[in-house]
Amino acid sequence: MIEERKEEIVIIGGGLAGASAACILASAGRPALLIERDAKPRHKVCGEFLSIEAQTFLTHLGIDLDALGASRISDLRLVRRGNMTEVRLPFVARGLSRMILDEALLQQARSQGARIVRGQAVRRISADPSHGRIDVAAGDPISADTVFLATGKHDVRGMKRASAGAMGDVIGFKMHYDLAKEQRQALKGAVEVVLFSGGYAGLQMVEHDVANLCLVVSRQGFEQVGKSWGALLDRITGECPHLAERLQGALPGFERALSIFQIPYGFLHAQDPNEPQGLFRLGDQVGVIPSFTGEGMSIALHSGCLAASTFLAHGRASSIFHHRIRSDTRRSIRLASILNHAVRHAAGQRAVFHVCRIWPAAMRHATTLTRVQEASIERALFAP
Ligand SMILES: Cc1cc2nc3c(=O)[nH]c(=O)nc-3n(C[C@H](O)[C@H](O)[C@H](O)COP(=O)(O)OP(=O)(O)OC[C@H]3O[C@@H](n4cnc5c(N)ncnc54)[C@H](O)[C@@H]3O)c2cc1C
């Protein structure tokens, strides 16, 4: 008979949500076991734009973005076809690749006492509410009092997110580039959001003078170009001379673009009476905000910190956490989803660009409106 291991707290997934929860728990003297599927750090599909809220969480968790070489971003440029409009951001954003950031946070959790197992995927979770135990199948079975589920967009059998699977017809791509010198200079200090037929892209510098191009496109738009990254890029640069100029002479950083399919933008976990107490859903498992807001990492960190501090104050009562995180993020996710719908369609793009051109401050207002409120961030960090 296989021996069942018993653990007080298991965190599944070592992205920003899982690692931030691990840091808070360990620093309060409640170290968890964190299980991460990837054996080594890897690049993830992400615009790598760190909002001021994400920076607040990272600083609180002891991450020094300057020491990691993060770029500084003060301006937002909106580009459509041959036109561009620009505005100063209401804060200085940072750019840092997820490969570096996620690893730094995992190492921080480890240095504070979290036990981290890498290269092991959790295959299934089952719960026995009457005994208050949650079983985790990863290598040898583990029986845990409390589970923090932080597997990002990947669902685990037995605890799939209700409705998320049906929501996503969007595909995300990411490619790093070594830009030509004059293009690197021109891009420095700005994030450029490019609207194109069926989607949008973000271009900005991250650490070591590397540029990150991240874009989302509808599944249909990708199928129309024969499901080829090269053909997709040709179509977008053909439509947008500004992006074509930026990428002129650029060297790609990866052999092929990274991709992620079926992103369930707008998903927000609803309290499920069948889910057991002691199961905390974090990050993309609890809500998925459209990428152009650059707020997904902040929500992941917010949920990790709030879940850990709620657990420290109220134990396994995960319904308290789920109620709070839903009310903290609902407005931002809803508003961002409406804007996301607009910027993915031609008429909406035209209208959004027109408004931003005659009133550039609208871009600044939009970045503020889609952010989680400061008071909620304070609560996640300091007062459960
Ligand atoms: C196209 C795109 C662009 C984006 N751009 C930005 C941006 O510019 N700024 C921003 O703030 N946000 C952005 N986001 C959002 C942001 O990337 C996510 O919200 C954030 O990564 C969520 O963090 P997480 O910890 O929940 O998940 P993840 O970062 O996905 O981490 C989940 C972890 O769980 C592990 N895992 C998965 N399954 C298992 C398993 N079965 N067992 C063990 N481990 C497992 C994975 O390996 C991974 O390390 C973007 C998202 C997309 C799709």
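Computed from a prediction, not measured in an experiment: that's the story for all the values here.

Caption draft 1: Here's a closer look at helix H2 (residues 52-60). Among the residues of H2, Glu53, Ala54, Gln55, Phe57 and Leu58 are the ones counted as buried. In this structure, the buried residues of H2 make contact with strand E3 (49-50), strand E5 (83-95), helix H3 (98-111), helix H8 (296-314) and helix H12 (374-381).

Caption draft 2: Up close: the side chain of Ser20. Mapped onto the secondary structure, Ser20 falls in helix H1 (residues 16-27). Excluding anything up to four places from it in sequence, Ser20 contacts Leu61, Leu105, Ala300, Leu301, Gly304 and Cys305.

Caption draft 3: Fine view of the packing of H8 against H12. Running from amino to carboxyl end, H8 crosses H12 at an angle of 45°, the nearest separation of the two axes being 7 Å. Considering the angle they form, H8 stands oblique to H12. In this structure, H8 uses His302, Cys305, Leu306 and Ser309 to contact H12, whose residues at the interface are Ser376, Ile377, Ala380 and Leu381. Residues that form the contact of H8 with H12 fall into these classes: 5 nonpolar, 3 polar and no charged.

Caption draft 4: Inspection of the packing of aromatic side chains at higher detail. This model, assessed by the stated rule, comprises 8 aromatic pairs. Relative to Phe311, the ring of Phe148 lies with its centre 6.0 Å away and its plane at 80°, an arrangement referred to as edge-to-face. With Phe148 in strand E9 (residues 141-149) and Phe311 in helix H8, this pair connects stretches of sequence that are 163 residues apart. Here Phe148 and Phe311 have matching classes, each one buried. Between Phe280 and Phe311 the ring centres are 6.3 Å apart and the planes differ by 85°, which places this aromatic pair in the edge-to-face class. In this pair, Phe280 is assigned in strand E16 (residues 279-281) and Phe311 in helix H8, connecting sequence segments 31 residues apart. Across the pair, exposure class does not vary: Phe280 and Phe311 are buried alike. Aromatic rings pair up to connect Phe148, Phe280, Phe311 and Phe321 into one cluster. Taking NZ or CZ as reference, Arg161 lies 5.3 Å from the ring centre of Phe267, over its face.

Caption draft 5: Inspection of the site of the ligand at higher detail. Neighbouring the ligand are 38 residues, the closest being Glu36, Gly47, Arg98, Val122 and Met297. In the model, a nitrogen atom of the ligand is placed 2.8 Å from a nitrogen or oxygen of the Gly47 main chain. For the shell around the ligand, the secondary-structure elements that each account for two or more residues are H1, strand E2 (33-36), strand E13 (211-218) and H8. Along the lines of polarity and charge, the residues of the shell around the ligand split into 16 nonpolar, 12 polar and 10 charged.

Caption draft 6: Seen up close, the environment of Gly139. With respect to the element layout, Gly139 can be found in the loop between strand E8 (133-137) and E9. As a C-alpha pair, Gly139 and Ala32 span 107 residues in sequence and 17 Å in three-dimensional space.

Caption draft 7: Local environment of the pairing of E13. Most of E13 is tucked away, with 8 of its 8 residues classed as buried. Burial of the side chains of E13 extends over both faces: Ala211, Leu213, Leu215 and Val217 are buried on one face and Asn212, Cys214, Val216 and Ser218 on the other. As defined by bridge partners, strand E10 (residues 170-178) adjoins E13 across 8 bridges and the pair is classed as antiparallel. When the bridges of E13 are listed, Met175 appears paired with Leu213. Between the end of strand E12 (residues 199-205) and the start of E13, which pair antiparallel, lie 5 residues, with His208 showing a positive phi angle near 55°.

Caption draft 8: Here's a closer look at the packing of H1 against H8. Remark: H1 packs on H8, axes separated minimally by 8 Å, with the N-to-C direction vectors making an angle of 35°. When you trace H1 past H8, the crossing you get is right-handed. Contacts between H1 and H8 involve Leu16, Ala17, Ser20, Ala21, Ile24 and Leu25 from the former and Met297, Ala300, Leu301, Ser303, Gly304, Cys305, Ala308, Ser309, Phe311 and Leu312 from the latter. Of the residues that constitute the contact of H1 with H8, the class distribution is 12 nonpolar, 4 polar and no charged.

Reading the values: rules and limits
- Each chain has its residues counted from 1, running along the sequence as written.
- Owing to the predicted nature of the model, reporting of local features is limited to residues with pLDDT of at least 70; listing and counting of side-chain atom pairs is limited to 80 or more, with chain, interface and lining totals taken over all residues.
- The basis for every side-chain value is the complete set of non-hydrogen atoms in the structure, without hydrogens or water.
- Note on exposure labels: buried denotes an accessible area under 20% of the residue type's maximum, exposed denotes more than 50%, and partly exposed covers the range between, all computed with a 1.4 Å probe on protein chains only.
- Strands are runs of DSSP state E lasting at least two residues, helices are runs of H or I lasting at least four, and both sets are numbered from the N terminus onward.
- Every residue pair with non-hydrogen atoms within 4.5 Å of one another is taken to be in contact.
- Each axis is a line fitted through C-alpha atoms, taken for helices only over the stretch in contact, and angles between the N-to-C directions span 0 to 180 degrees.
- Angles below 35 degrees are treated as roughly parallel, those above 145 as roughly antiparallel, those between 65 and 115 as roughly perpendicular, and all remaining angles as oblique.
- Gly is placed with the polar residues, together with every amino acid not listed as nonpolar (Ala, Val, Leu, Ile, Met, Phe, Trp, Tyr, Cys and Pro) or charged (Asp, Glu, Lys and Arg).
- Two rings from Phe, Tyr or Trp (for Trp, the six-membered ring) form a pair when their centres sit within 6.5 Å of each other. Planes less than 30 degrees apart are called stacked, planes more than 60 degrees apart edge-to-face, and all others tilted.
- We call a charge positioned over a ring when the NZ of a Lys or the CZ of an Arg lies within 6 Å of the ring centre and within 35 degrees of the ring normal.
- A cutoff of 4 Å decides nearness: a residue is near a molecule or strand if any of its heavy atoms lies inside that distance of it.
- Counting of polar contacts relies on pairs of N or O atoms within 3.5 Å, with two restrictions inside protein: one atom must be capable of donating a hydrogen and the other of accepting it, and residues adjacent in sequence are counted only when both atoms are side-chain atoms.
- The pairing criterion for strands is at least two bridges between them, as found by DSSP.
- In this scheme the handedness of a crossing depends on how the near helix is turned from the far one: anticlockwise by less than a right angle means left-handed, clockwise means right-handed.

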